[in-house]
Amino acid sequence: MNLVLLGPPGTGKGTQAQRLEKCYDVVKLSTGDMLRAAVACGSELGKTAQKIMEAGALVPDAIMVDMIAQRIETPDRSNGFVLDGFPRTTPQADALGKMLAAKDMKLDRVIEIKVDDAALIERITGRFSCAGCGAGYHEKFRRPKVDGVCDSCGATEFTRRQDDNPETVRARLKAYHRQTAPLLPYYREKGILETVDGAGSIEEVWGRIEALLGRV
Ligand code: AP5
């Protein structure tokens, strides 16, 4: 099962992709995570990407297409994948389509998670993650069971993303509406777009995604 999650920043793509990875045994391919790893290790790519990400803009298509092409090549794709954060532009979507066709693969579903922009700001500015294992949390919606201790690995250090400040979030939302939202009609025309309401709790949104995938 090959899936794409689409939606503006903070809509819950990463959160739901983690569930999909666990419950459906698909590989989560998050371009945001890959770029943050490149920034953390100080590679040339990381240096280029860091400035762009801090401005809330999109990294050039050629870089992103190359990054995904390398991951889809790897053998861990056997049970399928869920793409979180890719494609984000029409040229990226075209490149993905060609890449998959060349391997006799296809996308089964593109799932749009729909949330109003106002609610997204609260979700993004309250987000933090474990510095040890990367597990994601939220000050209000998803606190660790014991305050200050990661549920998954027991670490006590947490981090926040550089691009999770209100000014950058506004730029990221603008980029989404201008450059990524055109992918909704693009995939609707191909007959594979599904929209789930992203309002409500993480569990409620997960229930809607599960109900949808039951129909695959
Ligand atoms: P990326 O890392 O992909 O960020 P994003 O798309 O802006 O999405 P987020 O990770 O912010 O949000 P999310 O939808 O995953 O929400 P989450 O589950 O964390 O990209 C970062 C940057 O990298 C881009 O700006 C760009 O520069 C670059 N980039 C990446 N891919 C690129 C590409 N293909 N092309 C060009 N550039 C690219 O949830 C948010 C918070 O809300 C969490 O704390 C969570 O716990 C909480 N939450 C989730 N669901 C709910 C719920 N239902 N109710 C309450 N809280 C919830």
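These lines cover the structure that appears in this document, whether it is placed above or below.

Conventions used here
Residues numbered from 1 in each chain as written. Predicted model: local features only at pLDDT ≥ 70, side-chain atom pairs only at ≥ 80, totals over all residues. Heavy atoms only, no water. Pairing = 2+ DSSP bridges. Helix = DSSP H or I, 4+ residues; strand = E, 2+ residues; numbered from the N terminus. Axes fitted to C-alpha atoms, helices over the stretch in contact; angles between N-to-C directions. Contact = heavy atoms within 4.5 Å. Near = heavy atom within 4 Å. Polar contact = N/O pair within 3.5 Å; in protein donor to acceptor, adjacent residues only side chain to side chain. Areas by Shrake-Rupley, 256 points an atom, 1.4 Å probe, with all protein chains shown as cover. Nonpolar A, V, L, I, M, F, W, Y, C, P; charged D, E, K, R; others polar. Core = buried A, V, L, I, M, F, W, Y, C linked by side-chain atoms within 4.5 Å. Buried < 20%, exposed > 50% of the residue type's maximum accessible area, 1.4 Å probe, protein only. Expected span 1.5 Å × (residues − 1). Arc of directions from axis to C-beta. Disulfide = S-S within 2.5 Å.

## Some details on the sheet that holds strand S1 (residues 3-6)
Reasoning step 1: Read across the open sheet, the five strands follow the order S2-S3-S1-S4-S8; overall the sheet is parallel. Looking at strand neighbours, the two that pair on one side only are strand S2 (27-30) and strand S8 (193-197), the edges of this open sheet. Across the sheet, the axes of successive neighbouring strands diverge by a mean angle of 25 degrees, strand direction being ignored.
Reasoning step 2: The pairing of S1 with strand S3 (residues 81-84) spans three bridges and is classified as parallel. Note that in S3 the partner of Leu5 across the bridge is Asp84.
Reasoning step 3: Taken strand by strand, helix H2 (residues 31-41) contacts S2 and S3, and its axis lies near 60 degrees from that of S2.

## Things to note about the sheet that holds strand S6 (residues 136-138)
Reasoning step 1: If you walk across this open sheet you meet the three strands as S6-S5-S7, and the pairing is antiparallel. The outermost strands of the open sheet, each flanked by one partner alone, are S6 and strand S7 (158-159).
Reasoning step 2: Looking at chain direction, strand S5 (residues 127-130) and S6 are connected through three bridges and run antiparallel. Pairing of Phe128 across the sheet is with Tyr137, part of S6.

## Quick look at the site of the ligand
Reasoning step 1: In the region of the ligand, 35 residues are neighbours, and Thr15, Ala57, Arg88, Arg127 and Arg172 sit closest.
Reasoning step 2: Between an oxygen atom of the ligand and a main-chain N or O atom of Ala57, the distance comes to 2.6 Å.
Reasoning step 3: Protein chains shield 96% of the accessible area of the ligand, which is 1,000 Å² for the free molecule.
Reasoning step 4: For the shell around the ligand, the secondary-structure elements that each account for two or more residues are helix H1 (13-24), H2, S6 and helix H9 (202-213).
Reasoning step 5: Considering every element that reaches the shell around the ligand, the biggest residue donor is H2, with four residues.
Reasoning step 6: Its residues placed into classes, the shell around the ligand shows 13 nonpolar, 13 polar and nine charged.

## Re unusual backbone geometry
Reasoning step 1: Of note, the bond from Phe86 into Pro87 is cis; its omega dihedral lies within 30 degrees of zero at -5 degrees.
Reasoning step 2: Mapped onto the fold, Pro87 is located in the loop between S3 and helix H5 (90-102).
Reasoning step 3: The backbone of Asp25 sits at a positive phi, close to 55 degrees, despite the residue not being glycine.
Reasoning step 4: Mapped onto the elements of the fold, Asp25 is located in the loop between H1 and S2.

## Section: the nonpolar core
Reasoning step 1: Residues Ile72, Leu96, Leu107 and Tyr187 are the most contacted members of the largest nonpolar core, which totals 32 residues.
Reasoning step 2: Counting residues per element, the ones that place at least two in this core are S1, S2, H2, helix H3 (44-54), helix H4 (61-73), S3, H5 and helix H8 (183-189).
Reasoning step 3: Take this core: its biggest share by element is five residues, from H4.
Reasoning step 4: Core analysis: the next-biggest nonpolar cluster, separate from the first, contains 14 residues, Ile113, Val205, Ile209 and Leu212 among them.

## A look at H4
Reasoning step 1: Taking 1.5 Å as the rise per residue, H4 with 13 residues should run 18 Å; its terminal C-alpha atoms sit 18 Å apart, in good agreement.
Reasoning step 2: All of the buried residues in H4 are Met64, Val65, Met67, Ile68 and Ile72. Mapping the buried residues of H4 onto a view down its axis gives an arc of 160 degrees, with all of them on the same face. Facing away from the buried side of H4 by more than 90 degrees, the exposed set consists of Ala62 and Glu73.

## Remarks on the state of the cysteines
Reasoning step 1: On inspection of all chains with the given rule, the structure shows zero disulfides.
Reasoning step 2: Counting only cysteine sulfurs, Cys130 is the nearest neighbor of Cys41, a cysteine outside any disulfide, at a range of 20 Å.
Reasoning step 3: Residue classification places Cys41 among the exposed residues on the basis of a relative accessible area of 60%.
Reasoning step 4: No disulfide involves Cys150; its sulfur sits 3.7 Å from that of Cys130, the nearest cysteine.
Reasoning step 5: According to the relative accessible area criterion, Cys150 is buried, its value standing at 4%.

These figures come from the coordinates and say nothing about function on their own.
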